[in-house]
Amino acid sequence: MLDLFSGLDTHVAITLMLSLGFVLAFEFINGFHDTANAVATVIYTQSMKPRLAVFYSGVCNFLGVMSGGLAVAYAIVHLLPVDLLISVNTSRGMAMVFALLAAAILWNLGTWYLGLPASSSHTLIGAILGVGVANSFINHTSLSHGINWGKAIDVGASLLVSPIAGAVMAGLIVILLRRFRPRSNVHKTPYQRQQVEGRKHPPFWTRFMLIVSAMGVSFAHGSNDGQKGVGLVMLVLIGIVPAKFVLNLDSTPYQLERTRDAAQHLQQFYQRHEADLSKIIVKSNSTSQYECHPQQTVATADQLLKLMGDGNDYHTLSASQRWDVRTQLLCLDDAAKKAADLPKLSSDDKQLLSNLRKDLTTTTEYAPTWVIVAVALALGIGTMIGWRRVVKTVGEGIGKKDMTYAQGVAAQTTAAVSIGLASWFGFPVSTTHVLSSGVAGTMIADKAGLQMSTVRSIALAWLFTLPASMALAAGLYYLAAQWF
């Protein structure tokens, strides 16, 4: 990180600083929304003091980001059309990054100000899709070309299913607790605990579970949402200082050898299935000079193999050669993805293509440690400043009655487990929606009723976040593109 700005012209260094600040600002605001949900219950039930809770939440977020991998990060990034990913070092590419971040930040600030647990993930995905739509309009291509719809459908399904699953699972936990421990103090609210028994804190084991589940949500949040910020930071670094970040310069000789082998095997696959592939791959009428052409996969693989040669170190390549290698790797990965659409493809061939994609992207889908640390810190600091508004909404605004300890444990445990599993499988989900729906599920299970005004506001925020962020990002990108 220390040599990040070395050798850069003043205007490039300033652009880099502003761009990184923009991404970290998004993660900082993400802390207002999503990370605040992780500590809402544990603070509301007085299981931990606010400052202590947000401190440990920040630590768990940090650990979650550090150990979460990069599957979610690049699942989000690859919602963008490939021609934008390989032209991110151009002014058009940077306009794309600024447009989607500005749209996400503006919407997040607005919903935070109103105290609504809106989803930063939902906002970011909408902004990315908006940029893809605007890019298709600018380049006169179909929407099927401008957005990775297969990935978009997967992401949309995970965003839709996860809150429903969270509500059902949390409600079931409360029902089980009511059945097997009907007289337990776990069913009391903090107010009842104080007024009836004169005790400030929950019973020991209840308090223990509240704290553990809250930290579990924080860890899961870091492993899922933190990765999205990591992916955006890498887009900025690749766009502004490509010579240093376009490829992982610390790649091992083994990784480079696997990359070469993957290119050769994909080339052979295309040669074997040339007739079938020609039926599903249609030449695009795009005017973009950066577009990948799957029908040129064999030639692209040849170019990559010549560029890489027998070398075992990316440092030996010039800056322009590194960019060419990255471009060709992204194009080959896109070609492998399209090849998987072949009808009657055997399971062995599908597994082969999946393995080839992993090997082709092993030196392009990475992140330096300092990037991960910076994103984790931005999330933690945002939590410490913006948690109060969301804590009140989650604790008192969703149900007609105050939240009980059992409801808090159920909602947090459900959120931690479901978000953790989503991170494991590389699906981006919303911490906000999973936890809020979990609280609502516990209120229904406890027959406490829901405050429909708050639920309606949350539902409307969920409903309008995607189209609003899409429209905002598309408009900003279109306007910015006219200047470049």
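- As recorded by an unreviewed UniProt entry, the protein carries the name Phosphate transporter and is attributed to Chromobacterium violaceum.
- Annotation of the protein in UniProt includes, under Sequence similarities (unreviewed entry), the sentence "Belongs to the inorganic phosphate transporter (PiT) (TC 2.A.20) family. Pit subfamily."
- One UniProt comment on the protein, placed under Catalytic activity (unreviewed entry), says "phosphate(in) + H(+)(in) = phosphate(out) + H(+)(out)".

1. A word on the overall build of the protein
Here comes step 1: For the protein, the count of helices and strands is 20 helices and 0 strands.
Here comes step 2: Out of the 484 residues belonging to the protein, those deemed buried represent 56%.
Here comes step 3: Sequence-distant contacts in the protein: of pairs separated by 6 or more residues, those separated by 24 or more amount to 86%.
Here comes step 4: Within the structure as shown, the protein displays about 21000 Å² of accessible surface, and the carbon and sulfur contribution to it stands at 63%.

2. Here we look at the nonpolar core
Here comes step 1: Within the largest apolar cluster, 89 residues are counted, with the highest numbers of intra-cluster contacts made by L100, L237 and Y314.
Here comes step 2: It is helix α5 (residues 91-113) that contributes the most residues to this core, 10 residues altogether.
Here comes step 3: Of the domains in this structure, domain 1 (2-153 + 208-243 + 368-398 + 450-483) and domain 2 (247-362) are the two that each give at least three residues to this core.
Here comes step 4: Each residue touching L237, except ones within four places of it in the same chain, is listed here: L4, L16, L20, P242, F245, W370 and V371.

3. So, the pattern of salt bridges
Here comes step 1: One pass over the structure, following the stated rule, counts 5 salt bridges.
Here comes step 2: In this structure, D334 and K338 form a salt bridge, with 2.7 Å as the shortest nitrogen-oxygen distance. Pair noted here: D334 and K338 are both in helix α15 (residues 319-339), with a separation of 4 residues, about one helical turn.
Here comes step 3: A single salt-bridge network, built from bridges that share partners, covers D334, K337 and K338.

4. Structural notes on the side chain of T123
Here comes step 1: Here T123 shows up in helix α6 (residues 120-139).
Here comes step 2: We classify T123 as buried; its relative accessible area is 0%.

5. As for the environment of Q271
Here comes step 1: Turning to its location among the elements, Q271 is positioned in helix α12 (residues 253-272).
Here comes step 2: Residues Q271 and T297 lie 26 residues apart in sequence; the distance between their C-alpha atoms is 9.4 Å.

6. So, the packing of aromatic side chains
Here comes step 1: Under the criterion given, the structure shown has 6 aromatic pairs.
Here comes step 2: Measuring from ring centre to ring centre gives 5.6 Å for F22 and F98, while their planes differ by 40 degrees; the resulting arrangement is tilted. In this pair, F22 is assigned in helix α1 (residues 10-44) and F98 in helix α5, connecting sequence segments 76 residues apart.
Here comes step 3: Relative accessible area serves as the criterion here: at 25%, F22 is assigned to the partly exposed category.
Here comes step 4: Both rings, one in F245 and one in W370, keep their centres 6.5 Å apart while their planes meet at 70 degrees; by these two values the pair is edge-to-face. Placement of F245 in helix α11 (residues 242-245) and of W370 in helix α17 (residues 369-397) is noted, with a sequence separation of 125 residues between them.
Here comes step 5: Given the relative accessible area of 8%, F245 is considered buried.

7. A few points about helix α19 (residues 431-445)
Since the α-helix packs 3.6 residues into each turn, any two residues three or four apart lie on the same face.
Here comes step 1: Helix length check: α19 (15 residues) gives 21 Å between terminal C-alpha atoms against 21 Å at 1.5 Å per residue, within 8%.
Here comes step 2: Judged by how many residues are buried, α19 sits mostly within the fold: 13 of 15 residues are covered.
Here comes step 3: Where α19 ends, the next residue or the one after it, K447, has phi of about 55 degrees, a positive value.

Parameters and conventions
- Residues numbered from 1 in each chain as written.
- Predicted model: local features only at pLDDT ≥ 70, side-chain atom pairs only at ≥ 80, totals over all residues.
- Heavy atoms only, no water.
- UniProt positions renumbered as here; feature names shortened; annotations may be inferred.
- Helix = DSSP H or I, 4+ residues; strand = E, 2+ residues; numbered from the N terminus.
- Buried < 20%, exposed > 50% of the residue type's maximum accessible area, 1.4 Å probe, protein only.
- Contact = heavy atoms within 4.5 Å.
- Areas by Shrake-Rupley, 256 points an atom, 1.4 Å probe, with all protein chains shown as cover.
- Core = buried A, V, L, I, M, F, W, Y, C linked by side-chain atoms within 4.5 Å.
- Domains from an automatic or database assignment.
- Salt bridge = Lys/Arg side-chain N within 4 Å of Asp/Glu carboxyl O.
- Phe/Tyr/Trp six-rings, centres within 6.5 Å; stacked < 30°, edge-to-face > 60°.
- Expected span 1.5 Å × (residues − 1).

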